[in-house]
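Reading the structure
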Amino acid sequence: MKFTSKSPSQTQKIAAAFSKRLRPGSVIGLVGDLGAGKTTFVQGMAKGLGIDPEYYVNSPTFTLVNEYRGRGTPLIHVDLYRIEKPMEGETLGLEEYLASDAIVAVEWVERMPELEKRMTESVEIRVAGDNRREIEIRQC
Ligand code: ADP
Ligand code: MG
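Presented here is a report on the structure given in the accompanying data block.

Here is what the cut-offs are and how they apply
- Residues numbered from 1 in each chain as written.
- Chains lettered and ligands numbered in written order.
- Predicted model: local features only at pLDDT ≥ 70, side-chain atom pairs only at ≥ 80, totals over all residues.
- Heavy atoms only, no water.
- Salt bridge = Lys/Arg side-chain N within 4 Å of Asp/Glu carboxyl O.
- Buried < 20%, exposed > 50% of the residue type's maximum accessible area, 1.4 Å probe, protein only.
- Helix = DSSP H or I, 4+ residues; strand = E, 2+ residues; numbered from the N terminus.
- Near = heavy atom within 4 Å.
- Polar contact = N/O pair within 3.5 Å; in protein donor to acceptor, adjacent residues only side chain to side chain.
- Areas by Shrake-Rupley, 256 points an atom, 1.4 Å probe, with all protein chains shown as cover.
- Nonpolar A, V, L, I, M, F, W, Y, C, P; charged D, E, K, R; others polar.

On to the pattern of salt bridges, then. A complete count under the given rule lists six salt bridges for this structure. In this structure, Glu67 engages Arg69 in a salt bridge whose closest nitrogen and oxygen atoms are separated by 2.5 Å. Under the relative-accessibility criterion, Glu67 is labelled buried at 15%. A relative accessible area of 39% places Arg69 in the partly exposed class. Note that Arg138 and Glu124 form a salt bridge whose closest N and O atoms lie 3.7 Å from each other. Taken together, the residues span a long stretch of sequence, with Arg138 in strand S8 (residues 133–139) and Glu124 in strand S7 (residues 121–127) at a distance of 14 residues. Residue classification places Arg138 among the partly exposed positions, given a relative accessible area of 38%. Connected through salt bridges with shared partners, the residues Glu124, Arg126, Glu136 and Arg138 form a single ionic network.

Here it is as structure tokens:
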């Protein structure tokens, strides 16, 4: 599916609608340059899942992994931008999240091929102008 977004809030609305179709256990890989809108998209997913922003939990141990924990399905937000080399998922405790019924959204998923293989959906965001983004969502 392809969408055009003309603002960050429109990207969040697209993400919110997308999130409602996801099942627990989904692994969403977000692909796009720095500043494309991957984090903005994940914030929209949290809204769509009914998670209040105050439930954003910065993980004390793993700075690459943060959790949105509200009352429903938890949303685990992984950002691999700062990993230096491909790491084992174990190092981040990802296996535990993948085995749970959380929804896992991963920025820079291509930096961890073993996680990339487990993607259930990919979201590719391309910058098409100052505020314009082309968003393509695929099932994997
Ligand atoms: P990433 O996580 O991909 O690095 P962010 O979501 O952190 O990107 O930042 C996206 C930036 O682009 C923000 O500054 C946001 O305001 C801006 N932006 C402009 N237009 C859009 C749009 N249509 N969708 C998402 N972000 C947009
Ligand atoms: Mg980001």
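Glancing now at the site of ligand 1. Residues in contact with ligand 1 amount to 17 residues; listed here are only the nearest, Thr11, Gly35, Lys38, Thr39 and Thr40. Within the side chain of Glu107, an N or O atom sits 3.1 Å from an oxygen atom of ligand 1. Protein burial of ligand 1: of its 580 Å² of free accessible surface, 74% is covered by the chains. Taken together, the elements giving at least two residues each to the shell around ligand 1 come down to helix H1 (8–19) and helix H2 (38–48). The biggest single contributor to the shell around ligand 1 is H2, with three residues. A per-class count over the shell around ligand 1 returns three nonpolar, eight polar and six charged.

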